[in-house]
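# Remarks on the overall topology
Listed here are the chains, written in short residue letters.
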Amino acid sequence: MSGLVVALLGLVGLFVGAAVWVVSTAQAGRRPLWSGPACGTKDCGAGLPAVGWLPIVGFLAARRCPACGAAQPAKRLGFELAVAGYFALAAARFDDPRALAAVLVFAVPLLVVLLVDWWTRLIHLETIYAGLALAVAFALADGPKTLLEAVLTAVGAVLMFAFFFVLAALIYRNVKVVPFGIGDVYLAALIAAMVLYPNVISALFLGMFLAAVGSVVLLATKRVGRRDPIPYGPYLCAGALVVLVLGGG
Ligand SMILES: [Zn+2]
C-alpha cells in the first residue's frame, strides 16, 4: 500500500487501540461490552467520560476515576501506539486489500483476548465466537475450499491443544494449576481458523515460545511465584498477531 494509506491506517489503528482498551476493560469488569469507558480498578468500574473512547486525548481527559481516584494506567498509551504501529506495518506489507482487511479485522478479537486474559486470566467465549464468525466470513469470501481448510485447521489445533491439556493435567496432577486452560484450547481453534495451515504451526509454536520466555522473565523478576498459573492466552495471541502480519503479504 502507498505511504498515505500506511499513515491513514496507522491513525485508524490508534482509534482501534483505544476502543479495544475500553471494550476489554468492560469485559474484564463483567460489564456489557459497549457500556463505555470505565475505571479498570477491581470492584470500582465507575463510568468515565465518553471522550475515553478516543486515543491519547481520551486517556488524558478521562485520566482520574471520579469515584475511587485511581489513574488510568499509562500502559494504555503504549497499547494504543503499538496497535497503531501494527496497523501501519500491516498496511506496508499487504497489497491485496482483502488480505490486509483480514489481518486488521482478526487483530481486534485477538487484542481483546490478549488484554482480558492478561488482566483476569479468563478467556471469554463471546470473544472467541465473534472471532470465529469473522474467520468464517473471510474464509467464505475466499471460497468453499478455504472454508474447509479453516474448519480442518481449527479441528487439528483443538486436538493438539486438548492433548497438551490432558498431558499437563497428568504431569501436574491437578487441573487447577495446569498452564493450559480450556480457554486456551478454544483460542487455539480461533487462531487456527484465522491463520490456516501451515501458518498455524508457526503461530502456536511462537506463542508457546513467547510464553516460555515470558514465564522465565516473570519468575526471574519475582513478579509471579513458582506456583502461580501464568496466563497462556496473551502469548498465543501475540504469536498469532506476529504470524498474521509477517505471513503472506
Ligand atoms: Zn475507580
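Residues numbered from 1 in each chain as written. Predicted model: local features only at pLDDT ≥ 70, side-chain atom pairs only at ≥ 80, totals over all residues. Heavy atoms only, no water.

## Regarding the coordination of the zinc ion
Inclusion rule: We call an atom a donor if it is N, O or S and sits within 2.8 Å of the metal, or 3.2 Å for Na, K and Ca. Water is not counted, so some sites may look partial. Here the metal geometry follows the donor angles, with tetrahedral for four donors whose angles all fall between 85 and 135 degrees, square planar for four and octahedral for six when opposite donors are more than 155 degrees apart and every other angle is between 65 and 115, and irregular for all the rest.
For the zinc ion, the protein coordination sphere consists of Cys39 (SG), Cys44 (SG), Cys65 (SG) and Cys68 (SG), at 2.2 to 2.3 Å. Relative to the metal, the four donor atoms surrounding the zinc ion lie at angles of 106 to 112°, and the coordination shape comes out tetrahedral. Mapped onto the sequence, the donors of the zinc ion take the spacing C-x4-C-x20-C-x2-C.

## Some words on the environment of alanine 62
To be explicit about the condition: By definition, any uninterrupted DSSP run of H or I lasting at least four residues is a helix, any uninterrupted run of E lasting at least two residues is a strand, and each is numbered from the N terminus. Relative accessible area decides the class of each residue, using a 1.4 Å probe on protein chains only: under 20% of the type maximum gives buried, over 50% gives exposed, and in between gives partly exposed.
Within the fold, alanine 62 resides in the loop between helix 2 (57–61) and helix 3 (75–93). By relative accessible area, which is 1% here, alanine 62 ends up buried. Along the primary structure alanine 62 and glycine 47 are separated by 15 residues, whereas in three dimensions their C-alpha atoms are 9.8 Å apart.

## Considerations on the pattern of salt bridges
The condition that has to hold: Each reported salt bridge corresponds to a side-chain nitrogen of Lys or Arg within 4 Å of a carboxyl oxygen of Asp or Glu.
Tallied over the entire structure, the rule returns three salt bridges. Between glutamate 80 and arginine 76 there is a salt bridge; the shortest N-O distance is 2.7 Å. Linking glutamate 80 with arginine 76, this pair stays in helix 3, spanning four residues, or about one helical turn. Each member of the pair glutamate 80 and arginine 76 is classed as buried. Two residues, arginine 98 and aspartate 142, come together in a salt bridge whose shortest N-O distance is 2.7 Å. One end of the pair, arginine 98, is in helix 4 (residues 97–120); the other, aspartate 142, is in helix 5 (residues 125–142), and 44 residues separate them in sequence.

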